[in-house]
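Observations on chain architecture
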Amino acid sequence: MKTLGFPPRALTFLRALKRNNDREWFKTHKEQYDQLLRAPMISMIEQLAVDFRSFAPDLVASPNASLYRIYRDTRFSEDKSPLKTHVAAMFPCRGLAKHQGAGLYFHVALDGVWVGGGMYAPETSQLQAERDHIAGNINRFRAIVESSRFKRTFGTLDGEQLQRVPRGFPKDHPASEYLKYRQFLAGKEFPARFACTPRFYAGVLGVFREAAPLVRFLNEPLLK
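What comes next is a walk through the structure.

Rules and cut-offs
Residues numbered from 1 in each chain as written. Predicted model: local features only at pLDDT ≥ 70, side-chain atom pairs only at ≥ 80, totals over all residues. Heavy atoms only, no water. Helix = DSSP H or I, 4+ residues; strand = E, 2+ residues; numbered from the N terminus. Rg over C-alpha atoms; globule rule 2.2 N^0.38 Å. Buried < 20%, exposed > 50% of the residue type's maximum accessible area, 1.4 Å probe, protein only. Contact = heavy atoms within 4.5 Å. Areas by Shrake-Rupley, 256 points an atom, 1.4 Å probe, with all protein chains shown as cover. Lys, Arg positive; Asp, Glu negative; His and termini not counted. Charge placed at Lys NZ, Arg CZ, Asp CG, Glu CD. Core = buried A, V, L, I, M, F, W, Y, C linked by side-chain atoms within 4.5 Å. Expected span 1.5 Å × (residues − 1). Bend = angle between axes of the 7 residues up to and from the residue. Polar contact = N/O pair within 3.5 Å; in protein donor to acceptor, adjacent residues only side chain to side chain. Pairing = 2+ DSSP bridges. Axes fitted to C-alpha atoms, helices over the stretch in contact; angles between N-to-C directions. Phe/Tyr/Trp six-rings, centres within 6.5 Å; stacked < 30°, edge-to-face > 60°. Lys NZ or Arg CZ within 6 Å of the ring centre and 35° of its normal. Salt bridge = Lys/Arg side-chain N within 4 Å of Asp/Glu carboxyl O.

Notes on the overall build of the protein chain
Looking only at helices and strands, the protein chain has eight helices and four strands in total. Relative to a compact globule of 224 residues, whose C-alpha radius of gyration would be 17 Å, the protein chain shows 19 Å and is just as compact. Put simply, the protein chain has 224 residues, and 49% of those count as buried. Taking the intrachain contacts of the protein chain between residues at least 6 apart in sequence as the baseline, contacts between residues at least 24 apart amount to 68%. Of the accessible surface of the protein chain, which amounts to about 12100 Å², a share of 49% is contributed by carbon and sulfur atoms. Looking at charge distribution, the protein chain has the averaged site of its 34 positive side-chain charges lying 2 Å from that of its 22 negative ones.

As structure tokens, this is what we get:
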């Protein structure tokens, strides 16, 4: 199998894009973007589609569904820069809308690589469903996020939290510490240059394997 990852010139291109963030510049350099960043991302996504069969068959990996566009949506942003200065891919759950459940995700940017998964912005009804699911299955949830493998890879579960246990649950509930979460994230960071090494794909795949049980657990109540 060919080595999957990015050539060193990919980071050089991202630095140039950051300095020249306009559509005309990008139009004249799009061939470089396609060669240095888009094509390697597509190759990785296609190989992940194969590898997911063994540990995450419930997730979608395809260029159309997974690869984020390089163009930014600036309609509601004060920053009108038209282009992203990173590349990213997400892998959503089959049977759910792209941003309506938990999934896996990675990005490559000048300030580093992030690889992981979870649920970033659940709607109110989804968050309630997750809290009910955790409360009713706290032993299973702890077995995932407090396992030695999870801790070795991610440290602890990450995400914004409330100050207090949410309404509807007793303060001394066995799951109280996890019911405070508003996001459920597990991620690992690497230096940007890691994306340009032969170890990159194996590193991404290894992190995804450890995040997949959390993603699967979080999607259970949403698929009922």
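Moving on from the model shown.
Quick word on the nonpolar core
Residues F6, F52, F91, F106, F200 and F208 are the most contacted members of the largest nonpolar core, which totals 73 residues. With residues near it in sequence (within four places) discarded, F200 still touches L4, G5, F6, M44, F106, V108, V113, F194 and A195.

Describing helix 8 (residues 200-219)
Over its 20 residues, helix 8 extends 27 Å from the first C-alpha to the last, a length consistent with the 28 Å expected when each residue adds 1.5 Å. At A211, helix 8 is bent by approximately 40 degrees, the largest bend along its length, and proline P213 sits one to four residues beyond. In terms of residue burial, helix 8 counts as a mostly covered element, since 15 of its 20 residues are buried.

Re helix 2 (residues 23-55)
Its 33 residues give helix 2 an end-to-end C-alpha distance of only 40 Å, which falls more than 12% under 48 Å, the value for a rise of 1.5 Å per residue. At H29, helix 2 shows its maximal bend, which comes to roughly 65 degrees. In this structure D22 caps helix 2, since a side-chain oxygen of it lies 3.1 Å from the backbone nitrogen of E24.

With respect to the sheet that holds strand 4 (residues 184-190)
Pairing within the open sheet is antiparallel, and its four strands lie in the order 1-2-3-4. Looking at the sheet topology across the chains shown, the edges are occupied by strand 1 (86-91) and strand 4. The mean angle between the axes of side-by-side strands here comes to 15 degrees, regardless of whether they run parallel or antiparallel. Bridge count for strand 1 against strand 2 (residues 103-109) is six bridges, and the pairing is antiparallel. Bridge pairing links V87 to V108 in strand 2. Taken strand by strand, helix 8 contacts strand 1, strand 2, strand 3 (112-119) and strand 4, and its axis lies near 20 degrees from that of strand 3.

Examining the packing of aromatic side chains
Scanning the entire structure with this criterion turns up 21 aromatic pairs. Judged by centre distance (6.2 Å) and plane angle (25 degrees), the rings of Y181 and F184 are stacked. These aromatic residues form a ring-pair network of at least three members: F6, F52, F55, F91, F106, F190, F194, F200 and F208. Seen from the ring of Y68, K98 lies directly overhead, with NZ or CZ sitting 5.2 Å from the centre.

As for the pattern of salt bridges
When the charged atoms of two side chains lie near each other, side chains of opposite charge can form a pair. This structure, assessed with the given rule, holds eight salt bridges. A salt bridge links E220 to R140; the nearest nitrogen and oxygen atoms lie 2.8 Å apart. Separated by 80 residues along the polypeptide, E220 in the segment after helix 8 and R140 in helix 5 (residues 138-145) bring together distant segments of the chain. Here R140 falls in the partly exposed class, since its relative accessible area comes to 39%. In this structure, E177 and R142 form a salt bridge, with 3.2 Å as the shortest nitrogen-oxygen distance. In this pair, E177 sits in helix 7 (residues 176-179) while R142 sits in helix 5, placing the two residues 35 residues apart along the sequence. Residue classification places E177 among the partly exposed positions, given a relative accessible area of 39%.

Quick word on the pairing of strand 2
Most of strand 2 is tucked away, with five of its seven residues classed as buried. Relative to strand 3, strand 2 runs antiparallel, the two sharing seven bridges. Note that in strand 3 the partner of G103 across the bridge is G118.

Function-wise, these values are silent; they only describe arrangement.
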